[in-house]
Amino acid sequence: MFLIAVTSCPTGIAHTYMAAEALETAAREAGHEIVVETQGAGGAVRVSQADLDRADAVILAADVEVRDKHRFTGLPTVVSGVKRGISDPAGLIREAEAAARAGVRTSTATSTVPGAAAAPATKVEAGGSVGSRVRQWLMTGVSYMIPFVAAGGIMIALGFMLARIAGGDQGAVEVTQIPVTDLIAGFDPTSGMEWAALLFQGGVAAFGFLVAVLAGFIAYAIADRPGLAPGFVAGALSGVVGAGFLGGLVGGFVAGFLALGISRLRVPKAVASLMPVVVTPLLATFATTVVMLLVIGRPLASVQTGLTDGLDSLSGGSIAVLGVVLGLMMAFDMGGPVNKTAYVFATGGLTASAIADSSAALTVMAVVMAAGMTPPLGLALATVVRKHLFTEAERENGKAAWLLGASFITEGAIPFAAADPLRVIPSIMVGSGVTGGLVAAFGSKLAAPHGGIWVTPLISGIPGYLVAVVVGTLVTAALVVVSKSLGRGRQAVRTADEELALVA
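Residues numbered from 1 in each chain as written. Predicted model: local features only at pLDDT ≥ 70, side-chain atom pairs only at ≥ 80, totals over all residues. Heavy atoms only, no water.

A. Representation of the overall build of the protein chain. The helix and strand tally for the protein chain stands at 21 helices and 4 strands. Split into buried and exposed, the 504 residues of the protein chain put 49% on the buried side. Considering only intrachain contacts with a sequence separation of at least 6, the fraction spanning at least 24 residues in the protein chain is 73%. Only carbon and sulfur atoms are counted for the fraction: they give 65% of the accessible area of the protein chain, which is about 22300 Å². (Helix = DSSP H or I, 4+ residues; strand = E, 2+ residues; numbered from the N terminus. Buried < 20%, exposed > 50% of the residue type's maximum accessible area, 1.4 Å probe, protein only. Contact = heavy atoms within 4.5 Å. Areas by Shrake-Rupley, 256 points an atom, 1.4 Å probe, with all protein chains shown as cover.)

Right, dumping it as structure tokens:
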């Protein structure tokens, strides 16, 4: 058979490509041809019309809305989340085979116009539980926020690094005092400080969108396009009242539900056509403004200030305990809701002022990144030191896990955890917990929200950070090897007992 698959995850980074590779392998082993379209952060290379014409079935393994889904109308289609594409690709291939043989024709179109413009991607399952939908709304906002965090954080960190080189110990302070108007009026390309100021100002500008983008796309996930305007306004007003990241998060939900409620009102037909583009955004934006400024703004600002002050007051053993907890969370579900909660907590503290002041929020970011690197690295090491404990497929996954772990893609551990969760998950949690605690104890700091080993020059306290990653990797590998060896020994005893029973 000739199959087509589309894979896509909220961030478009790890799960998208891991699911594509797993489906390609499973299809090949089943004797089928497959073409996979990955709709990731870098866009998509669309399957050709020739492939569509000869396709027997389609697999849509996605956690966000598949772009241009109308292309697959009429083809037998199997729909699942992207994680199943990683954990059970063979099952999806079998379901596609069955759908093709049964000739099940499904309509997957979201548009009847070929080539219709794709909307921003999101997928919120109407039939899902309340908790599931809240997570999906939140992750839609986070997925669109991450590029701004990455660009802004790295540019600011590079600006400070260059300022220290060009201006000495006070360079990182002086670079923040260079007015933008001076750069515009008389930029000196031979001045290291002015290049540093250029990086700093660009990063600050990117950071200026963080809360608005978070709130805007949470509201969009809830109410579709009518939620965008009130959502962005909620994020902007959160900055005005000083509620920061927390205000944007709450404001996004408020704006989304207000827009959703207004859009569902029954109105005369003459007004109905104006609702989505004029009436709903107008009324929802006004209502959001009232709620943010007069009702919840100040209380949220107080909570945000308390959280920031509490984090900055942590030191010694208390911040090490926080590091252990965050490390455990990063490894628990390897890119799932618990992992993302820890990651959002870390990135939410990355503000221009936090970076300028080198606050404890930067230690939290360093903890989360280091703890997210060790699960794939530890498993990769385990496949090298005890090859016989792993299948051929796991050893191949181990080769890829080196790069995934080094790049802070915790999802590289998923294939191992899916195959042996009771041994692998506790092992990687302990390793990540150790790493998180050590990074916090060493006081390493990091302003970049992603990149893994590739952003090492931006880390403050590099030796301690690297020691923590190495120790966590070794702990993870040792625990995986020991637990798998014990399990293998018990299995051997059971097998011997069974053989004796048969002889008897």
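B. Layout of the packing of aromatic side chains. Scanning all chains against the criterion turns up 10 aromatic pairs. Ring centres of tryptophan 137 and phenylalanine 253 lie 6.3 Å apart, and the angle between their planes is 70°; this geometry places the pair in the edge-to-face category. With tryptophan 137 in helix H5 (residues 130-167) and phenylalanine 253 in helix H11 (residues 244-263), this pair connects stretches of sequence that are 116 residues apart. Each member of the pair tryptophan 137 and phenylalanine 253 is classed as buried. Seen from their ring centres, tyrosine 343 and phenylalanine 408 are 6.0 Å apart, and the 50° between their planes marks the pair as tilted. One end of the pair, tyrosine 343, is in helix H15 (residues 337-348); the other, phenylalanine 408, is in the loop between helix H18 (392-406) and helix H19 (414-419), and 65 residues separate them in sequence. There is no split in this pair, since tyrosine 343 and phenylalanine 408 are both buried. Among the aromatic residues, those joined into a ring-pair cluster are Tyr144, Phe217, Tyr220 and Phe232. (Phe/Tyr/Trp six-rings, centres within 6.5 Å; stacked < 30°, edge-to-face > 60°.)

C. Main features of the packing of H5 against H15. H15 packs onto H5 with a crossing angle of 45° between their chain directions and a minimal axis gap of 11 Å. With respect to each other, H5 and H15 are oriented oblique. Considering the relative orientation of H5 and H15, their crossing is left-handed. Between H5 and H15, the residues in contact are Arg135, Met139, Val142, Met145, Ile146 and Val149 and Pro337, Lys340, Tyr343, Val344 and Thr347, respectively. Tallied by class, the residues present in the contact of H5 with H15 amount to 8 nonpolar, 1 polar and 2 charged. (Axes fitted to C-alpha atoms, helices over the stretch in contact; angles between N-to-C directions. Parallel < 35°, antiparallel > 145°, perpendicular 65-115°, else oblique. Left-handed = near helix turned anticlockwise from the far one by under 90°. Nonpolar A, V, L, I, M, F, W, Y, C, P; charged D, E, K, R; others polar.)

D. Quick peek at the nonpolar core. Val175, Val368, Leu446 and Tyr465 are the most contacted members of the largest nonpolar core, which has 65 residues in total. Every residue in contact with tyrosine 465, bar those within four places of it in the chain, is listed here: Ala366, Met369, Ala370, Met373, Val439, Ser444 and Ile459. (Core = buried A, V, L, I, M, F, W, Y, C linked by side-chain atoms within 4.5 Å.)

E. Region of interest: the sheet that holds strand E3 (residues 57-62). Strand order across the open sheet formed by 4 strands is E2-E1-E3-E4, with parallel pairing between neighbours. Looking at strand neighbours, the two that pair on one side only are strand E2 (33-38) and strand E4 (77-80), the edges of this open sheet. Averaged over all pairs of adjacent strands, the angle between strand axes in this sheet comes to 15°, irrespective of strand direction. Pairing between strand E1 (residues 2-8) and E3: 6 bridges, direction parallel. Paired with alanine 5 across the bridge in E3 is isoleucine 59. Running at roughly 175° to E2, helix H1 (residues 15-29) makes contact with E1, E2 and E3 of the sheet. (Pairing = 2+ DSSP bridges.)

F. Up close: the pattern of salt bridges. Under the definition given, this model contains 9 salt bridges. Here glutamate 37 makes a salt bridge to arginine 71, at a shortest N to O gap of 3.0 Å. Taken together, the residues span a long stretch of sequence, with glutamate 37 in strand E2 and arginine 71 in the loop between E3 and E4 at a distance of 34 residues. Glutamate 37 sits in the buried class, given a relative accessible area of 1%. Given the relative accessible area of 14%, arginine 71 is considered buried. Here aspartate 88 and arginine 84 are joined by a salt bridge, their closest N and O atoms 3.1 Å apart. By relative accessible area, arginine 84 is classed as partly exposed at 27%. Three or more residues joined by partner-sharing salt bridges are found here, namely Arg84, Asp88 and Glu95. (Salt bridge = Lys/Arg side-chain N within 4 Å of Asp/Glu carboxyl O.)

G. How the structure looks around a nonpolar patch on the surface. Taken together, Val240, Phe286, Val290, Leu293, Leu294 and Val295 make up a surface patch of nonpolar side chains, about 610 Å² in accessible area. If you tally residues by element for the nonpolar patch, the top one is helix H13 (residues 275-313), at 5 residues. Look at phenylalanine 286 and you get exposed, because its relative accessible area is 59%. (Patch = residues over 30% accessible without salt bridge, like charges linked within 9 Å, V, L, I, M, F, W, Y side chains within 5 Å.)

H. A look at helix H17 (residues 360-385). Here H17 contains 26 residues, and its C-alpha end-to-end distance of 37 Å stays within 8% of the 38 Å for a straight helix at 1.5 Å per residue. Most pronounced at threonine 374, the bend in H17 amounts to some 30°, and the proline proline 375 follows within four residues. Of all 26 residues that make up H17, 24 are buried, and the element is covered over most of its length. (Expected span 1.5 Å × (residues − 1). Bend = angle between axes of the 7 residues up to and from the residue.)

I. Up close: unusual backbone geometry. Phi is positive for aspartate 224, close to 65°, though the residue is something other than glycine. In this fold, aspartate 224 is placed in the loop between helix H9 (210-223) and helix H10 (228-241). Under the relative-accessibility criterion, aspartate 224 is labelled partly exposed at 43%. Notably, phenylalanine 408 is not glycine yet its phi reads approximately 60°, a positive angle. Given the relative accessible area of 5%, phenylalanine 408 is considered buried.

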